[in-house]
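# Report on the structure
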Amino acid sequence: MTTKNIYTRGQLTWLVVLRVLIGWYFMYEGLTKIMTPNWTSYAYLRDSQGWFAPFFTMLTDNAWVMSTVNAINMYGLTIIGLCMILGCFVQFANIGAIGLLSLYYLSHPPMLDVHYLIRPEGSYMWVDKNLIMLGAIAVLMLFPTSKLIGLDRWIFRKCKK
Amino acid sequence: MSDKEIVNNENENQNSHLNVPKNGRREALKTLATIPVIGAMAYGVIKKKNQEYRNKRVGNIFAFETTPTVMDRQPDGQTIRLGIIGFGIRGSQLMQALGFATPQHIDHLKDLAKQDVQNTRYKDFLEQEDLNIVVNGVCDIFDVYAKEAATAGANKNREGSEGKFANLPVIYENYKDLLAAKDIDAVIIATPDHWHGTMVIDAVNAGKHVYVEKPLTWTVPETYLVADAVKKSNVIFQLGHQGRQIEINHRAKEIIKKGLIGKVTLAEVSTNRNDPNGAWVYSIHPEANPSTIDWKQFEGNPVRIKEYLDYMTSVGATKYVGPDSRDKFSLERFFRWRCWWDYSTGLSGDLLTHEYDAMNHMLDLGIPASATSSGGVYFFKDGRTVPDVLQTTFEFPDRDMTMLYTATLASQYNRPRKIMATDATIELGSTLNVTIDPQSELYREKIQQGIIKAGEPFYRYASGKSIDALSSATEMYFAERGLLFSYVEGKRYNTTYLHLREWIECIRQKKQPSCGIKEAFEEAMAAHMGTRAYLEGRTMYWDADKQVITRG
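What counts and how
- Residues numbered from 1 in each chain as written.
- Chains lettered and ligands numbered in written order.
- Predicted model: local features only at pLDDT ≥ 70, side-chain atom pairs only at ≥ 80, totals over all residues.
- Helix = DSSP H or I, 4+ residues; strand = E, 2+ residues; numbered from the N terminus.
- Buried ≥ 20, exposed ≤ 12 C-beta atoms within 10 Å, placed from the backbone.
- Contact = placed C-beta atoms within 7 Å.
- Pairing = 2+ DSSP bridges.
- Axes fitted to C-alpha atoms, helices over the stretch in contact; angles between N-to-C directions.
- Domains from an automatic or database assignment.
- Nonpolar A, V, L, I, M, F, W, Y, C, P; charged D, E, K, R; others polar.
- Expected span 1.5 Å × (residues − 1).
- Bend = angle between axes of the 7 residues up to and from the residue.
- Parallel < 35°, antiparallel > 145°, perpendicular 65-115°, else oblique.
- Left-handed = near helix turned anticlockwise from the far one by under 90°.
- Core = buried A, V, L, I, M, F, W, Y, C linked by C-beta atoms within 7 Å.

## What to know about the overall build of chain B
- Each helix and strand in chain B was counted, giving 20 helices and 17 strands.
- Out of the 552 residues belonging to chain B, those deemed buried represent 41%.
- Sequence-distant contacts in chain B: of pairs separated by 6 or more residues, those separated by 24 or more amount to 69%.

See the structure below:
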């Protein structure tokens, strides 16, 4: 990853805006879960469909696994979002985000003839918002900005020294 | 990107490296540029929190803490030795709730689990807590059922047909012999209605604790005898209204007691079924015949039969008797006995009693002052004498309220129980919903402030979780379907299991179960009033001083 700015002003601006927007989305999702008393992903996991549904359903069988999964969602989403907004350790945050989004996609694949109790607020076939966001984050990984705008600018310079 | 631009950018970048002190401000700006975004989010989150807090305070009116409804167990206490009388559909369900199933049933559950990984019935059954009981005797007048009951009773380890079983419990051909057995402390009675009262009296006289399926009795005269017998004894008695264990009903009771819905004037309850099984057209066992069924015992206790016939004759309701003669062997009448008054109490005894008992639990209604009924055989014209559509109204003038029961066996449209009052209405389905009345005095200020939206569900409660109108749509959606149940409680409980468990613990701890003889007597009299109102086509009244049903 280079600290040299190879982007035009417009490109850099919109890449940073995209990073912050995705970060905002992640962080608020996480904060809402933290602030909801007794929040649990239990119902969401029970509602899994598709090839991997048995795996996601299995996670709900064990109370300890459930609390771990819940913690990963609550704090994972919040921290990933915070990192994206502040621009710190963004490459790690990106990897975490892609991991979580993949799991969301696999547990709730937008297949034909599949009905979820939690109905998505749009119409999807094979491609849904999780997949699109995953694609956007992949783009952000290849066009990094945090060393130009963000705390990584300072962090990685310190490391270099 | 043009070459010129790239060069410019690179130059700028190099400058920032070389001239850190000079460009310190610019550098800091680039490093910290996005921090204000966090401030914006913090502002939004705090604002939302404050709003939620304000609304929560209103929601909290209903979200008070309640005492646990499930009784503490003494698992290492005395082992209770059971006898089972009746192993038909309900009898086998009761035994399963106690942890005893036939190996065939276990095989079936295993198959279901194999076919669908999400089907957890087998796992749930294995995980069901051991109640520290043994089944020492069983009795059924159909040989096949009696043998099945015995194999279920021996299946202590809940195994399929390849398992190892304990010794078979004794199979008794007559329930009186089972009651005389010294190695039985308590009996479960799940026979047809016309046998309930007689068997309870005999069991109590034999000193056995009793769990009897609803309704308590078939005739009015025997109701007094049963109540007297139980009251004079030391036995622990429980009537099989497992609805007493439904958590949301306990919650509703407290909400009403706290005056949060105002003055109740109408309770509306119903039965809605739409399949032959729900209309008591049960399948006929292929091995059933006069040599495998003890028809003489099925006919009933001659004293009860006389009470029944005397009443039917005295009120000119003989058209409801029969039509077959009582001593004529009939597979239909044996397996589908609920369809004939000769053995059954119809919708009143089978299903109205559940609804009445739920309302009696929540509202402490007692026996109604009067009852009217109407209905008929409108759909299942299969020779039955009991109606398949029934409306019964109970009046409680001392409480200034009516309870309306309305039933059909030919439509499954879901009608939740409703308790309608001046300030709010409680709806009880898989969840408890409270809807504030637009004309409420109690909540007028909050309605005007816009905190409460009248006419829309304001508060929901499902299995230990309070949800107000501000909770997320998903939460509400799942709550409505009762899906939160298993996680919040850590385990999915079957209400029949809880009801039996309560009875067994009460035997151990010498306590009074929730549906004891007082509640049972009230249930029986209310149901009899409804039945008589239907059979006689006129209003029935309850004379509270003389404790008798009158015709006004």
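Structure's up, so let's keep going.
## Focus: the overall build of chain A
- Helices and strands together make up the secondary structure of chain A, namely seven helices and zero strands.
- N-terminal to C-terminal, the α/β element order of chain A is α-α-α-α-α-α-α.
- Viewed in the frame of its principal axes, chain A has a C-alpha envelope of about 50 × 35 × 25 Å.
- Considering only contacts in chain A between residues 6 or more positions apart, those separated by 24 or more positions represent 75%.

## Structural notes on the sheet that holds strand β3 (residues 170-172) of chain B
Residues and elements named next belong to chain B.
- Across the sheet, which stays open at both edges, the six strands sit in the order β3-β2-β1-β4-β5-β6 with parallel pairing between neighbours. Sheet topology places β3 and β6 (237-239) at the edges, where each strand pairs with a single neighbour. The average undirected angle you get between the axes of adjacent strands in this sheet is 20°.

## Points about the environment of V90 of chain A
Residue and element names in this part refer to chain A.
- Relative to the helices and strands, V90 resides in helix α5 (residues 90-107).
- Measuring from C-alpha to C-alpha, the distance between V90 and R9 comes to 20 Å, with 81 residues separating the pair along the chain.
- Excluding residues that lie within four positions of it along the chain, V90 makes contacts with C83, M84, P144, S146, G150 and D152.

## Overview of the environment of W126 of chain A
- Inspection of the secondary structure assignment puts W126 of chain A in the loop between α5 and α6 (129-142).
- Residues W126 of chain A and L112 of chain A, 14 residues apart in the sequence, show an inter-C-alpha distance of 7.7 Å.

## Structural notes on the domain arrangement of chain B
All names here are of chain B.
- When its domains are assigned, chain B resolves into domain 1 (80-244) and domain 2 (245-539).
- With centres defined by C-alpha atoms, the gap from domain 1 to domain 2 works out at 22 Å.
- Across the contact, 47 residues belong to domain 1 and 53 residues belong to domain 2.
- Looking at the side of domain 1 that touches domain 2, the elements that each hand over two or more residues are α4 (89-97), α7 (143-154), α9 (193-205), β5 (209-212), α10 (220-232) and β6.
- The element contributing the most residues to the side of domain 1 that touches domain 2 is α10, with seven residues.
- Grouping the constituent residues of the side of domain 1 that touches domain 2 by class yields 24 nonpolar, 15 polar and eight charged.

## Section: helix α15 (residues 346-363) of chain B
Residue and element names in this part refer to chain B.
- Helix length check: α15, at 18 residues, gives a terminal C-alpha distance of 25 Å against a target of 26 Å (1.5 Å per residue), a fit within 8%.
- The largest bend along α15 measures about 50° and falls at L352.
- Most of α15 is tucked away: 16 of the 18 residues are buried.
- One or two steps after α15, the chain reaches D364, where phi turns positive at roughly 50°.

## With respect to the packing of α5 of chain A against α6 of chain A
All names here are of chain A.
- In contact at an axis separation of 9 Å, α5 and α6 are set at 160° when each is read in the N-to-C sense. The angle between the axes of α5 and α6 places the two elements in the roughly antiparallel class. The handedness of the crossing between α5 and α6 comes out as left-handed. Mapping the contact onto sequence places Q91, N94, A97, I98, L101, S102, Y104 and Y105 in α5 and N130, L131, M133, L134, I137, A138, L140 and M141 in α6.
- For the contact of α5 with α6, the class distribution of residues is 12 nonpolar, four polar and no charged.

## Considering the pairing of strand β2 (residues 133-139) of chain B
All names here are of chain B.
- When you tally the buried positions in β2, you get five out of seven residues, the bulk of the element.
- Two strands pair when backbone bridges link them, and strand β1 (residues 80-85) and β2 are joined in this way by six bridges, in the parallel orientation. Bridge pairing links R81 to V134 in β2.
- Both β2 and β3 contribute to a ladder of three bridges, which runs parallel. Residue C139 lies in a different strand from β3, and its bridge partner there is Y172.

## Here's the deal with the pairing of strand β11 (residues 417-421) of chain B
All names here are of chain B.
- Extensive coverage of β11 is indicated by the burial of four of its five residues.
- In terms of strand pairing, strand β7 (residues 264-272) meets β11 through four bridges, oriented antiparallel. Residue pairing in the sheet places A267 in a bridge with I419 of β11.

## Thoughts on the nonpolar core
- V187 and V210 of chain B are the most contacted members of the largest nonpolar core, which has 124 residues in total.
- The dominant element in this core, judged by the number of residues it contributes, is helix α20 (residues 517-536) of chain B, at 11 residues.
- Composition of this core by domain shows at least three residues from each of domain 1 (80-244) and domain 2 (245-539) of chain B.
- Not counting residues within four places of it along the chain, the set of residues in contact with V210 of chain B comprises V187, I189, V200, A203, V204, V235 and F237 of chain B.
- Membership of the second largest hydrophobic core comes to 24 residues, among which are V20, I85, L140 and I149 of chain A.

## A closer look at the packing of α15 of chain B against α20 of chain B
Residue and element names in this part refer to chain B.
- One way to put it is that α15 packs onto α20 with a least axis distance of 9 Å and a crossing angle of 130°. It follows that α15 is oblique to α20 by the angle criterion. Two packed elements cross with a definite hand, and for α15 against α20 that hand is right-handed. Between α15, through G346, S348, G349, L352, T353, Y356, D357 and N360, and α20, the contact on the second element is made entirely by E519, E522, E523, A526, A527, G530 and T531.
- Residues that form the contact of α15 with α20 fall into these classes: four nonpolar, seven polar and four charged.

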